[in-house]
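Coordinate inspection notes
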Amino acid sequence: TSKRALPKGVSVVVWTHHREWGLTSNTGCILPLTLRNCVMWMKGLPEHDNQLRNLVESENGLQVVLWPDTNKQDGSAPAITLEE
């Protein structure tokens, strides 16, 4: 299956927590498998943390952060805080 193209000039970085890396329940892992110009970086891996820091500090583009709800009531796994 070929990957879908994003609009010109658009790229996606999925920054996932090390506890989520490789889990089949991590829906973010689907994006790099299905989209061109999409990479997955792991929080806590110094190389990836530096790449993300450089991206956020750059003047290029718009960064959007989606983070799981910390007030889950469904009994699922405890939420991961940004500090972790």
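Here the structure is shown first, and the text comes after it.
Here is a short report on the structure shown in this document.

Criteria and cut-off values
Residues numbered from 1 in each chain as written. Predicted model: local features only at pLDDT ≥ 70, side-chain atom pairs only at ≥ 80, totals over all residues. Heavy atoms only, no water. Helix = DSSP H or I, 4+ residues; strand = E, 2+ residues; numbered from the N terminus. Buried < 20%, exposed > 50% of the residue type's maximum accessible area, 1.4 Å probe, protein only. Contact = heavy atoms within 4.5 Å. Areas by Shrake-Rupley, 256 points an atom, 1.4 Å probe, with all protein chains shown as cover. Pairing = 2+ DSSP bridges. Lys, Arg positive; Asp, Glu negative; His and termini not counted. Salt bridge = Lys/Arg side-chain N within 4 Å of Asp/Glu carboxyl O. Polar contact = N/O pair within 3.5 Å; in protein donor to acceptor, adjacent residues only side chain to side chain. Expected span 1.5 Å × (residues − 1). Arc of directions from axis to C-beta.

To continue, consider the overall build of the chain. The helix and strand tally for the chain stands at two helices and two strands. If you list the helices and strands of the chain from N to C, you get β-α-β-α. Taken over 84 residues, the chain has a buried fraction of 19%. In the chain, 59% of the contacts between residues at least 6 apart in sequence involve partners at least 24 apart. Only carbon and sulfur atoms are counted for the fraction: they give 55% of the accessible area of the chain, which is about 6,800 Å².

With that settled, consider the pairing of strand β2 (residues 38-43). Among the six residues in β2, five count as buried, and that is most of the element. Two elements, strand β1 (residues 12-17) and β2, share six bridges in a ladder whose sense is parallel. Directly across from V12, in β2, lies its bridge partner C38.

Turning to the side chain of D49, a few remarks are in order. In this fold, D49 is placed in helix α2 (residues 46-57). An unpaired buried charge is present at D49: no salt bridge exists, and R53, the closest side chain of opposite charge, is 5.5 Å distant. Of the polar contacts made by the side chain of D49, one reaches the backbone nitrogen of G44; its length is 3.0 Å.

All right, on to α2 then. With twelve residues, α2 extends 16 Å from end C-alpha to end C-alpha; this agrees with the ideal 16 Å at 1.5 Å per step. Along α2, the positions that sit buried rather than exposed are H48, D49 and L52. The arc enclosing the buried residues of α2, seen along the axis, measures out at 100°, which places them on a common side. Turned more than 90 degrees off the buried face of α2, the exposed positions are P46, E47, N54 and E57.

This paragraph deals with unusual backbone geometry. Despite not being glycine, N37 shows a phi value in the positive range, around 55°. The exposed category is assigned to N37, whose relative accessible area is 51%.

Time to look at the side chain of H48. Note that H48 resides in helix α2. Relative accessible area serves as the criterion here: at 12%, H48 is assigned to the buried category. If we ignore the near neighbours within four places in the chain, the residues touching H48 are W21, M40, W41 and M42.

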